[in-house]
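This is what each chain is made of:
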Amino acid sequence: MQITQMIVEAFQERFQAGLYEFRNEVSLILSTEQIAPAALALRDEFNFELLAEETAVDYWPEQAPRFHVVYRFRSLKHNAIIGARVPLDGNAPSMPSLVSVYANANWFERELWDMFGIRFEGHPDLRRVVMPYDWEGHPLRKDYPLGYEEVQFSFNFEEIDVRKPYAQD
Amino acid sequence: MMSDETEFREIEFNLAPDSLDELKHLVSQRAVDGDTVLLNMGPQHPSTHGVLRLLLELDGEQVINCIPDVGFLHTGIEKNMEAKTYEKAIVMTDRLDYLNNLGNNLAYCMAIEKLCDLDVPPRAQALRVILAELQRISSHLVWLGTHALDMAAMSVFLYCFRERESILDIFEMCSGQRMMTTYIRPGGLWRDTPVEFEDAVRNFLKIFPSRIDEYERLLTKNPLFLERTRKIGMLPPDVALQYGVTGPALRASGVNHDLRKVQPYSGYEQYDFEVPTHTDCDTYARYLVRIEELHQSLHIVEQALNKLPLGPVRSNNRKYVPPPRSEIGVSMEALIHHFKLWTEGFTPPVGSVYSAVESPRGELGVYLESDGSPKPYRVHWRTPSFTNMQILPYLAKSHLVADLVVLIGTIDVVLGDVDR
């Protein structure tokens, strides 16, 4: 707790970071310009050697912010973990990549591009990672349907039949 | 008929130049000039431990570049979990890392428990530890068997699967399933273990140490095995940390980091065990670390079994945990709770948590976000295989193709865990 408290104070002063606390977990809220220098400071000054995870959350239909990119940094030296959240606006957001700071951000960011359509500037290899390379859309967005088939009953058979996707010849 | 054929040919023709263009920045200039060969390994290949495709740039038999292509086993588990209630989504977790089913259940349930501030009774904690360690042993056995099989040591594979089967029998005894257990639930376990459980585990504890010696007799000092593993796939600690490698692979690079030790969960702090590390950083060191982990896991299981407390195996918090079957017949309130929990589900407070456990492969983390509805708003699996797989291009550089097979084995990837 000691080290996270220290970081929170330092980052609030240096980066005007916001704070999110829940169940004893501390996350800094940073802007897109600050995340790269903040991550560098975490790695080099505070010994956070590992990028534990990087993911995103979609708050659609909210537009500002629509996404939050969520980081977890782990320090083996201090046995501590600290989070960071970066709010992003709009449907085609972009933010700086962390690959130069933590090498394993590479696939995490590819996954975010694949699943959420978040572009990472300066990423060396921003291709889709799990979906096929010619896939359209970003599946983990909240406006992307899960792919249910509507059940037809006798009272609404015709109505659903009109918009039902049938295999084309 | 004719049009179909031409269309097919066109697709095939278009794929190659497109994908080469897209991958140009990943291969050396020599591949573009045609000096080196680009070769596909997988996705249907017996040594890639699942559906892993590797694009190799080869100079003779030497690997110049290795580009892993994953996603062939992507099943959209994260998206599917968002459409199910918290409790019903547990069945999806079994299907992630199919060698560590109970570990996945545990990671997910721990995230829910953190989110809801739910208590877990001591007996359930101890049983969770026993099951997680048995699962670790069974996962390491599959790793050991297939790793040795990749180096043409067929018999080790057969022996390992024999012992693994007795662990899976124990899981079947508890949960009714060998692999897709869904046994660990928020607030505890699905139900108490059957009476035969303790004898079965004790029996396994009795026979297994001699079996480990048997594997070691076959491999540890085997000159062929040493030749294939020593100084192969060197992973210095600073590179391992830079790439976020966790688990036995990190510990074999001399970094003593085990979540069971540094951030104990489920009462791991009560048990006396050591975290094996090694400083050789090569494939052989990773082998030794995992073999030692088998011993340590057995040690933990033995201690947990010896002081297994009696009592309930599931929390009594009716807001989140359904009442036992016996109560439903006699209590109206229990019936209402049961009905509400299985139709609507429970509603955790708004917020997000991250909870991590030490899986056989490294840090298995779950990021869980709730918007106050009965379904998780976002579940992200930070799977160890996904992160550890990124080290493969580094390890493979300037090794032979035959060694590449060993390297896939040594980082112990499970493709279900990579692709989710």
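Structure: above.
Position numbers for residues count from 1 along each chain, tracking the sequence in the order it is written. Both sets of labels track the order of writing: A upward for chains, 1 upward for ligands. It should be noted that, the model being predicted, local features are given only for residues of pLDDT at least 70 and side-chain atom pairs only at 80 or more, the latter also being counted only at that level, while totals for whole chains, interfaces and linings use all residues.

Q: Lay out the overall build of chain A in plain terms, naming residues and giving numbers.
A: Secondary structure elements are taken from DSSP: a helix is a run of H or I of four residues or more, a strand is a run of E of two residues or more, and numbering for both begins at the N terminus. On a plain count of helices and strands, chain A comes out with 4 helices and 7 strands. Scanning chain A from its N terminus toward the C terminus, one meets helices and strands in the order α-β-β-α-β-β-β-β-α-β-α. Our radius of gyration is a C-alpha quantity, and the globule rule it is checked against amounts to 2.2 Å times the number of residues to the power 0.38. A globule of 169 residues ought to have a C-alpha radius of gyration of about 15 Å, yet chain A, at 20 Å, is considerably larger. Reported as C-alpha extents along the three principal axes, the dimensions of chain A are approximately 65 × 35 × 25 Å. Residue burial in chain A is summarised as follows: out of 169 residues, 38% are buried. Remark: C-beta atoms are placed from the backbone, and a residue is labelled buried if 20 or more other C-beta atoms sit within 10 Å of its own, exposed if 12 or fewer do, or partly exposed between those counts.

Q: Could you give an account of the interface of chain B and chain A, with specific residues and numbers?
A: By the convention adopted here, residues make contact when the C-beta atoms placed from their backbones lie within 7 Å. Taken residue by residue, the interface counts 33 residues in chain B and 28 residues in chain A. Put simply, the parts of the chain that give the side of chain B that touches chain A at least two residues each are helix H3 (77-82), helix H10 (237-242), strand E6 (351-359), strand E7 (362-370), strand E8 (378-382) and helix H16 (384-389) of chain B. Split by residue class, the side of chain B that touches chain A holds 11 nonpolar, 13 polar and 9 charged. Each residue receives one of three labels: charged for Asp, Glu, Lys and Arg, nonpolar for Ala, Val, Leu, Ile, Met, Phe, Trp, Tyr, Cys and Pro, and polar for the others, Gly being one of them.

Q: Tell me about the environment of aspartate 403 of chain B, residues and numbers included.
A: All names here are of chain B. Inspection of the secondary structure assignment puts aspartate 403 in helix H18 (residues 401-410). Overall, aspartate 403 belongs to the buried group, with 21 C-beta atoms counted inside 10 Å. Separated by 174 residues in sequence, aspartate 403 and threonine 229 place their C-alpha atoms 8.5 Å apart.

Q: Tell me about the packing of helix H8 (residues 196-219) of chain B against helix H13 (residues 283-306) of chain B, and name the residues and values.
A: Helices that pack against each other are described as a pair by the angle of their axes relative to one another and the distance between those axes. All names here are of chain B. All axes here are fitted lines through C-alpha atoms, helices being fitted over the stretch that makes contact, and every angle between N-to-C directions spans 0 to 180 degrees. Packing of H8 against H13 leaves a shortest axis separation of 11 Å and a crossing angle of 160°. Between H8 and H13, the interaxial angle falls into the category roughly antiparallel. In the packing of H8 onto H13, the handedness of the crossing is left-handed. Where H8 approaches H13, its residues Glu198, Val201, Arg202, Leu205, Phe208, Pro209, Ile212 and Glu216 are matched on the opposing element by Ile291, Leu294, His295, Leu298, Val301, Glu302 and Leu305. Here the word oblique covers every angle except those under 35 degrees (roughly parallel), over 145 (roughly antiparallel) and from 65 to 115 (roughly perpendicular). Should the near helix be turned anticlockwise from the far one by less than a right angle, the crossing is termed left-handed; should it be turned clockwise, right-handed.

Q: Please give an account of the nonpolar core that cites residues and values.
A: Put simply, a nonpolar core is buried Ala, Val, Leu, Ile, Met, Phe, Trp, Tyr and Cys residues tied into one set by C-beta atoms within 7 Å. With 148 residues, the main nonpolar core has Val69 and Ile118 of chain A together with Ala111, Ile130 and Leu392 of chain B as its most contacted residues. Top element by residues in this core is helix H6 (residues 122-150) of chain B. It accounts for 14 residues. When near neighbours in sequence (up to four residues on either side) are disregarded, valine 69 of chain A contacts Glu54, Ala56, Val86, Leu88, Met95, Leu112 and Ile118 of chain A.

Q: Which residues make up the packing of H6 of chain B against H13 of chain B, and what are the values?
A: Residues and elements named next belong to chain B. In the contact formed by H6 and H13, the axes pass within 9 Å of each other and the chain directions differ by 155°. The orientation of H6 with respect to H13, classified from their angle, is roughly antiparallel. Crossing of H6 against H13: the hand is left-handed. Where H6 approaches H13, its residues Ala126, Val129, Ile130, Glu133, Leu134, Arg136, Ile137, His140 and Trp143 are matched on the opposing element by Arg290, Glu293, Leu294, Ser297, Ile300, Val301, Ala304 and Leu305. Counted by class, the contact of H6 with H13 contains 11 nonpolar, 2 polar and 4 charged residues.

Q: Just give me the short version of the sheet that holds E8 of chain B, but keep the residues and values in it.
A: What holds strands together in a sheet is hydrogen bonding between their backbones, with the strands either parallel or antiparallel. Residues and elements named next belong to chain B. Taken together, the 3 strands give an open sheet; going across it, the order is E6-E7-E8, and neighbouring strands pair in antiparallel fashion. Looking at strand neighbours, the two that pair on one side only are E6 and E8, the edges of this open sheet. Within the sheet, the average angular offset between the axes of one strand and its neighbour, ignoring direction, is 15°. A pair of strands counts as paired when DSSP detects no fewer than two bridges linking them. Note: E6 against E7, 9 bridges, orientation antiparallel. Bridging from a neighbouring strand, glutamate 358 pairs with glutamate 363 of E7. Across the sheet, helix H5 (residues 101-116) touches E6 and E7, and the angle it forms with E6 is around 150°.

Q: Can you explain the pairing of strand E2 (residues 25-29) of chain A? Please cite residues and give values.
A: Residues and elements named next belong to chain A. By the bridge criterion, 5 bridges tie strand E1 (residues 18-22) to E2 in an arrangement that is antiparallel. If you follow phenylalanine 22 over to E2, its bridge partner there is glutamate 25. The turn joining E1 and E2, which pair antiparallel and follow one another in sequence, is formed by 2 residues; a positive phi near 50° is taken by arginine 23.

Q: Which residues make up the sheet that holds strand E3 (residues 50-58) of chain A, and what values go with them?
A: All names here are of chain A. Read from one edge of the open sheet, 5 strands run E1-E2-E5-E4-E3, paired in mixed fashion. Edge positions in the open sheet fall to E1 and E3, since each of these has one partner strand only. When the angles between neighbouring strand axes are averaged without regard to direction, this sheet yields 25°. Two elements, E3 and strand E4 (residues 67-75), share 8 bridges in a ladder whose sense is antiparallel. Note that in E4 the partner of threonine 55 across the bridge is valine 70.

Q: How would you summarise H18 of chain B if you had to cite specific residues and measurements?
A: One turn of an α-helix holds 3.6 residues; hence residues three or four places apart share an orientation. Residue and element names in this part refer to chain B. Burial analysis of H18 places 8 of its 10 residues in the buried class, the great majority of the element. Where H18 is concerned, the buried positions are Asp403, Leu404, Val405, Val406, Leu407, Ile408, Gly409 and Thr410. If you follow the buried residues of H18, they end up packed against strand E3 (62-69), H6, helix H9 (223-229), H13 and helix H17 (392-396). Residue aspartate 412 follows H18 closely and has a positive phi angle near 55°.

Q: Give me the lowdown on the pairing of strand E5 (residues 80-88) of chain A, citing residues and values where you can.
A: Strand residues, when the strand is regular, have side chains that alternate between the two faces of the sheet. All names here are of chain A. The buried fraction of E5 amounts to 7 of the 9 residues, a majority that puts the element mostly inside the structure. Bridge analysis of E2 against E5 gives 3 bridges, and the strand direction is parallel. Of the residues in E5, the one forming a bridge with serine 27 is glycine 83. Alignment of E4 against E5, held across 9 bridges, turns out to be antiparallel. Paired with valine 69 across the strands is valine 86, a residue of E5.

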